[in-house]
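Descriptive structure summary
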Amino acid sequence: MSAGRYDWPFFGDEHRAFAERVAAFARDVEIEDDEARPAETCTAWVRALGAAGLLRCCVPNDGKSVDVRTLCVAREHLGYRSALGDFAFAMQGLGIGPVSLFGNAEQRARYLGRVATGELIPAFALSEREAGSDVAALQTVAVRDGDGYAIDGEKMWISNAGLAGVYLVFARTGGPGARGLSAFAVDAETPGVEPGEPIETIAPHPLAAVSFRGVRVPERARIGAEGDGFKIAMATLDVFRSTVGAAAVGMARRAFDESVVHARERKLFGAPLGALQLTQSSLAHMATELDAASLLIYRAAWTKDNGAARITREAAMAKWFATEAASRICDRAVQLFGGLGVTRGSIVERLYRDVRALRIYEGASEVQQLVIARSVLEA
Ligand code: COS
């Protein structure tokens, strides 16, 4: 994958050096994704990323925020190579994000080192069956119990469920709505934490429901103050949302590169596929959408890295546009490959399935539009 666009003014030498490092890792790592064994494959990716020192950038332990551009560079390259490799990387960062961004020194010391080496896998336990897009409606409760809390509820669509050693759980400690929520780091071996059966999706990754039944946690497990949970969740998602767009761009860039090779090599009507003007039109759409998506992502990441307190609007635009554009690009690639494009096991067939969930998780496209429109109307 070409690193030329990292010459754009959003990036510095450290990003370009990091891009080369992660590109070499993605090229050389000997992991083949096994869709029948997503948990084992994901664990192998986490260990390999940890051993290569690449997880440190998504788990800063210096009280500073993450460098979002570095995360974007990593996710582009990993998404290009493997959706599960990207997923493993991203979840180490997002999963423990509430601790790395809002935890106190004791919480950071307890978790971040082991997440950075890949020894500990975290999970972000926010969504519920009736509270996915509408986070403030969540019903899991954390009730004061002696010197701590008792947590009860059922989380849904939890990535890394079953693999995780720690769950970052959002639960209601106060009244209704956004202000009644708090965040907790709950160790997986705590009695009452029970992951459900794996949920199978069109592009398998470790995913399941998790029940919390009378789970006792000490007060020191709470992240931030009581009532801060919604803002912790939203601010963590803000930081990682533009990186979802970067993963989408990585996958779309792979689909595009495969399409360019195919357009040059495949012959029909006595000439290469790429000689047909309709093919050229498709490639032009793909190339332009790739650059437009990249620019929105880099703008959001650069804005955060340059000290903006909130990048809600920029991250929403980046995630929405990039994931939708990536879906269109992968769809075009399937079309250019024809029968091969829908043949199970071909690269573009896999990318077509892999990219789809990105328009849904960490804030569906519709939520991003809502967020953007609010910022326009409130301005
Ligand atoms: N960063 C920091 N604070 C934020 C914030 C953000 N991005 N977004 C909202 N807040 C704050 C608001 O400022 C407000 O604070 P005050 O009460 O002090 O005024 C509070 O949080 C409530 O905000 P709001 O009224 O906007 O809450 P809503 O319930 O209306 O939020 C949306 C609606 C749709 C924006 C929100 O629920 C959302 O982003 N949903 C998608 C969640 C998601 O990504 N789910 C996927 C699961 S994660 S894998």
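Now for a description of the structure that goes with this document. (Residues numbered from 1 in each chain as written. Predicted model: local features only at pLDDT ≥ 70, side-chain atom pairs only at ≥ 80, totals over all residues. Heavy atoms only, no water.)

**Here's the deal with the overall build of the chain**
Under the convention used in this document: Elements are defined by DSSP. Helices are runs of H or I of four residues or more, strands are runs of E of two residues or more, and each kind is numbered from the N terminus. For the radius of gyration, the atom set is restricted to C-alpha positions; the globular benchmark scales as 2.2 Å times the number of residues to the power 0.38. With a 1.4 Å probe rolled over the protein chains alone, any residue whose accessible area is under 20% of its type maximum counts as buried; one over 50% counts as exposed, and the rest are partly exposed. Any two residues having at least one pair of non-hydrogen atoms within 4.5 Å are treated as being in contact. Note on areas: Shrake-Rupley, 1.4 Å probe, and residue coverage restricted to the protein chains presented here. Charge convention: Lys and Arg are scored as positive, Asp and Glu as negative, and His as well as the terminal groups of each chain are ignored. Every charge is mapped onto a representative atom, which is NZ of Lys, CZ of Arg, CG of Asp or CD of Glu.
Scanning the chain from terminus to terminus reveals eleven helices and ten strands. Against the compact-globule benchmark of 21 Å for 379 residues, the chain has a radius of gyration of 21 Å, which places it among compact chains. For the chain, the C-alpha atoms occupy an extent of roughly 80 × 45 × 40 Å along the three principal directions. For the chain, with 379 residues in total, the buried portion stands at 54%. By sequence separation, contacts in the chain at least 24 residues apart represent 74% of the contacts at least 6 residues apart. Put simply, the chain shows about 16400 Å² of open surface, and 54% of that area lies on carbon and sulfur atoms. Measuring between centres, the 43 positive side-chain charges of the chain sit 3 Å from its 47 negative side-chain charges.

**Quick look at the packing of helix α1 (residues 13–28) against helix α3 (residues 68–81)**
Defined as follows: A fitted line through C-alpha atoms serves as each axis, taken over the contacting stretch for helices, and the angle formed by two N-to-C directions is quoted from 0 to 180°. Note that the term roughly parallel is reserved for angles under 35 degrees, roughly antiparallel for angles over 145, roughly perpendicular for angles of 65 to 115, and oblique for everything else. In this scheme the handedness of a crossing depends on how the near helix is turned from the far one: anticlockwise by less than a right angle means left-handed, clockwise means right-handed. Classification used: nonpolar for Ala, Val, Leu, Ile, Met, Phe, Trp, Tyr, Cys and Pro, charged for Asp, Glu, Lys and Arg, polar for all others including Gly.
It is the contact of α1 with α3, at a shortest axis distance of 9 Å, that shows an interaxial angle of 25°. The orientation of α1 relative to α3 falls into the category roughly parallel. Here α1 runs over α3; the crossing is right-handed. Between α1 and α3, the contacting residues are H15, F18, A19, V22, A23, F25 and A26 on the first element and R69, T70, V73, A74, H77, L78 and R81 on the second. For the contact of α1 with α3, the class distribution of residues is nine nonpolar, three polar and two charged.

**Examining the side chain of R254**
Within the secondary structure, R254 is located in helix α7 (residues 229–265). Among residues more than four places away in sequence, those in contact with R254 are Y80, R81, I347 and L351.

**Here we look at the packing of aromatic side chains**
Keep this limit in mind: We call Phe, Tyr and Trp rings a pair once their centres come within 6.5 Å, taking the six-membered ring for Trp, and we label the pair stacked below 30 degrees between planes, edge-to-face above 60, and tilted otherwise.
Scanning the entire structure with this criterion turns up nine aromatic pairs. Seen in terms of ring centroids, Y6 and Y298 are 6.2 Å apart; in terms of plane orientation they differ by 50°. Their pairing is tilted. In this pair, Y6 is assigned in the segment before α1 and Y298 in helix α8 (residues 277–305), connecting sequence segments 292 residues apart. Residues Y6 and Y298 agree in their burial class; the two are buried. Ring plane angle 65° and centroid distance 4.9 Å describe the contact between Y149 and F184, whose orientation is recorded as edge-to-face.

**As for the pairing of strand β5 (residues 181–187)**
Residues in a regular strand project their side chains so that they alternate between the two faces of the sheet. This is how it is decided: Here, a strand pair is defined by DSSP locating no fewer than two bridges between the strands.
Counting buried positions along β5 yields seven of seven residues, so the element is predominantly enclosed. Here β5 shows no split at all, with L181, A183, A185 and D187 on one side and S182, F184 and V186 on the other all buried. One ladder, built from seven bridges, connects strand β4 (residues 166–172) with β5; its direction is antiparallel. Note that in β5 the partner of V169 across the bridge is F184. In this structure, β5 lies alongside strand β8 (residues 222–223), joined through two bridges in antiparallel fashion. Residue pairing across strands places F184 opposite R222, the latter belonging to β8.

**A word on the nonpolar core**
What counts is decided by this rule: Throughout this description, the term nonpolar core refers to a set of buried Ala, Val, Leu, Ile, Met, Phe, Trp, Tyr and Cys residues connected via side-chain atoms within 4.5 Å.
With 91 residues, the main nonpolar core has F25, L49, F89, I96, L126, F170 and I297 as its most contacted residues. Considering each element in turn, this core owes the most residues, 16 residues, to α7. Those residues in contact with I297 that lie beyond four places of it in its chain are C72, S242, G245, A246, V249, A318 and A322.

**Some details on the pattern of salt bridges**
For clarity, the cut-off: For salt bridges, the criterion is a side-chain nitrogen of Lys or Arg within 4 Å of an Asp or Glu carboxyl oxygen.
In this structure the tally under the stated criterion is 24 salt bridges. The shortest N-O distance in the salt bridge between R216 and D147 comes to 3.6 Å. Pair noted here: R216 is in strand β7 (residues 207–218) and D147 is in the loop between β2 (141–145) and β3 (148–159), with a separation of 69 residues, a long-range link. Owing to a relative accessible area of 59%, D147 belongs among the exposed residues under this scheme.

**What to know about the site of the ligand**
What counts is decided by this rule: To be near a molecule or strand, a residue needs just one of its heavy atoms within 4 Å of it. Definition of a polar contact: a pair of N or O atoms within 3.5 Å, with one able to donate and the other able to accept a hydrogen when the atoms are protein atoms, and with sequence-neighbouring residues admitted only if both atoms are side-chain atoms.
Of all residues adjacent to the ligand, which total 23 residues, the nearest are S133, R179, D238, R241 and R374. Between the ligand and R241, the relevant distance is 2.7 Å, taken from an oxygen atom to a side-chain nitrogen or oxygen of the residue. In this structure, a nitrogen atom belonging to the ligand sits 3.4 Å away from a side-chain N or O atom of R310. Taken by itself the ligand offers 1000 Å² of open surface, and the protein chains cover 74% of this.

**Some thoughts on α1**
Rules: A helix is expected to reach a length of 1.5 Å times the quantity of its residues less one. Relevant arc is that of directions from the helix axis to the C-beta atoms, nothing else.
Across its 16 residues, α1 extends 23 Å between first and last C-alpha, which sits within 8% of the 22 Å expected from 1.5 Å per residue. Residues of α1 that are buried include every one of H15, F18, A19, V22, F25 and A26, and no others. Along the long axis of α1, the arc covered by the buried residues comes to 130°, so they all point the same way. Counted as exposed and oriented over 90 degrees from the buried face of α1: D13, E20 and R27.

**Thoughts on helix α6 (residues 105–117)**
An α-helical turn contains 3.6 residues, so a residue and the one three or four places further along point in the same direction. Where we set the bar: Bend at a given residue is defined as the angle between two axes, one fitted to the seven residues that end at that position and one fitted to the seven that begin there.
For α6, built from 13 residues, the straight-helix expectation of 18 Å at 1.5 Å per residue is met to within 8% by its first-to-last C-alpha distance of 18 Å. Maximum bend of α6: about 30°, positioned at Y111. Residues Q107, R108, Y111, L112, V115 and A116 constitute the buried set of α6. The opening residue of α6 is N104, an N-cap whose side-chain oxygen sits 3.2 Å from the backbone nitrogen of E106. The positive-phi residue at the C-terminal boundary of α6 is G118, with phi of around 90°.

**Details of the environment of D145**
Looking at the element boundaries, D145 is found in strand β2. For D145, a relative accessible area of 29% translates into the label partly exposed. Separated by 73 residues in the primary sequence, D145 and P218 place their C-alpha atoms 9.0 Å from one another. Beyond its immediate stretch of four places on either side in the chain, D145 contacts A150 and R216.

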